[in-house]
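What follows is the residue order along each chain.
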Amino acid sequence: MAQQIEPNLGWFFGAIRPDAGDGSVEREAFDVASYGKQIGLLTEALLGLSGRSSITAEQAKVALDRLEGIRKQIEELKKRKGAATVEQLSEQLEGLRLSQPAAFELLSNRFWPRD
């Protein structure tokens, strides 16, 4: 019998307030690099660049390069997620327009009023 030892973080990402971010994006970003990994790289970069640590400038540069790679991956993830959302909403709006024209018109006027 196998035992799952990885924590179930669904509760954590699902609890992110909508005005603070998208829990599903945060979960995928966490899969790119955990918060601990990101904080560790930030710490290495900051301490290495400060000259007040045993971390060398070269180690700081490596940490910064890794952070830049993480940032690029997360930005790409956000773009893909946004494009998927646009596609999904477009399909739903088209379905609403075809199946319930009055509801579609109400929604259209709500978001795109014709003055």
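Reading guide: rules and limits
- Residues numbered from 1 in each chain as written.
- Predicted model: local features only at pLDDT ≥ 70, side-chain atom pairs only at ≥ 80, totals over all residues.
- Heavy atoms only, no water.
- Core = buried A, V, L, I, M, F, W, Y, C linked by side-chain atoms within 4.5 Å.
- Buried < 20%, exposed > 50% of the residue type's maximum accessible area, 1.4 Å probe, protein only.
- Helix = DSSP H or I, 4+ residues; strand = E, 2+ residues; numbered from the N terminus.
- Contact = heavy atoms within 4.5 Å.
- Phe/Tyr/Trp six-rings, centres within 6.5 Å; stacked < 30°, edge-to-face > 60°.

J.: Hey, could you run me through the nonpolar core in this one?
T.: One finds Ala-29, Ala-33, Leu-41, Ala-45, Ala-63, Leu-67, Ile-70 and Ile-74 forming the largest nonpolar core, which totals eight residues. Taken together, the elements giving at least two residues each to this core come down to helix H3 (35-50) and helix H4 (57-99). The biggest single contributor to this core is H4, with four residues. Residues contacting Ala-33, with those up to four places away along its chain left out, are Gln-38 and Ile-70.

J.: Explain the packing of aromatic side chains to me, please; I cannot follow it from the model alone.
T.: For any pair of aromatic rings, geometry is given as the distance between the ring centres together with the angle between the planes. Using the criterion set out here, one finds two aromatic pairs in the structure. Plain terms: the ring middles of Phe-30 and Tyr-35 are 5.2 Å apart, the flat faces sit at 70° to each other, and that makes the pair edge-to-face. We classify Tyr-35 as partly exposed; its relative accessible area is 29%. Ring centres 5.9 Å apart and planes at 50° place the aromatic pair Phe-111 and Trp-112 in the tilted group. Here Phe-111 matches Trp-112 in class, with each residue exposed.

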